[in-house]
Amino acid sequence: MLTAIDQIANQNHLQMIKAAVPYLHAREQKFVAIYAKLLELQNIMSFYSENASQISSCSIDQSSASTSDILNDIRNYCDPSDQEMIDHCLQLINAMELYTAMSQQTE
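Our subject in this report is the structure included herewith. (Residues numbered from 1 in each chain as written. Predicted model: local features only at pLDDT ≥ 70, side-chain atom pairs only at ≥ 80, totals over all residues. Heavy atoms only, no water.)

Section: the nonpolar core
Formed by Leu71, Cys78, Ile86, Leu90 and Ile93, the largest nonpolar core amounts to five residues. With three residues, the single largest contributor to this core is helix 5 (residues 80-106). Here isoleucine 93 is in contact with Thr67, Ser68 and Leu71, once residues within four sequence places are set aside. (Core = buried A, V, L, I, M, F, W, Y, C linked by side-chain atoms within 4.5 Å. Buried < 20%, exposed > 50% of the residue type's maximum accessible area, 1.4 Å probe, protein only. Helix = DSSP H or I, 4+ residues; strand = E, 2+ residues; numbered from the N terminus. Contact = heavy atoms within 4.5 Å.)

Printed below as a string of structure tokens:
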């Protein structure tokens with residue numbers, strides 16, 4: 001799964017080029033891998049110089065993005081032990097939100 005910035009960086013079929021790297025000789029691998037990364041950097045620089053907008057999640061208004069939203073997105077790129085840690089944080093956040101909502105109802 002690619003992040004939003006990876007989607008911008010990997011334009012022009014860079015994923016296919018990077019997939020071929022293990023099949024090349026060591027010297028060629030180094031050159032092609034560095035070249036692919038330079039093309040990624042060029043794509044990112046081009047995106048930000050040509051677009052006044054910023055990257056944002058399609059489903060989230062930038063001004064209302066919550067910590068839970070961010071953690072849920074990050075969780076997709078974690079290994080299982082880190083996912084578990086994020087799950088615990090999310091449970092804590094949910095419990096705090098529930099407590100706050102209940103406190104406001106009793107006032």
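Regarding the side chain of asparagine 10
Along the polypeptide, asparagine 10 turns up in the loop between helix 1 (4-9) and helix 2 (14-20). Ignoring any residue separated from it by four or fewer positions in sequence, one finds asparagine 10 in contact with Leu2, Gln15, Lys18 and Glu40.

Regarding the packing of aromatic side chains
Where two aromatic rings form a pair, the distance of their centres and the angle of their planes describe that pair. Under the criterion given, the structure shown has two aromatic pairs. Ring centres of phenylalanine 47 and tyrosine 48 lie 5.0 Å apart, and the angle between their planes is 85°; this geometry places the pair in the edge-to-face category. Assessed through its relative accessible area of 17%, phenylalanine 47 is described here as buried. Among the residues examined, tyrosine 48 registers a relative accessible area of 42% and is labelled partly exposed. (Phe/Tyr/Trp six-rings, centres within 6.5 Å; stacked < 30°, edge-to-face > 60°.)

Examining the pattern of salt bridges
Tallying each qualifying case throughout the model produces three salt bridges. Of the charged contacts, one joins lysine 37 and glutamate 40 as a salt bridge, the two residues approaching to 3.4 Å between their closest N and O atoms. Placement of the pair is lysine 37 and glutamate 40 together in helix 3 (residues 26-50), with a separation of three residues, close to one helical turn. Note on glutamate 40: relative accessible area 10%, which makes it buried. The salt bridge involving arginine 75 is made with aspartate 87; its shortest N-O contact spans 2.6 Å. One end of the pair, arginine 75, is in helix 4 (residues 67-75); the other, aspartate 87, is in helix 5, and 12 residues separate them in sequence. The class for arginine 75 is partly exposed, based on a relative accessible area of 24%. Ionic contacts of the salt-bridge type, sharing partners, join the residues Lys18, Lys37 and Glu40 into one network. (Salt bridge = Lys/Arg side-chain N within 4 Å of Asp/Glu carboxyl O.)

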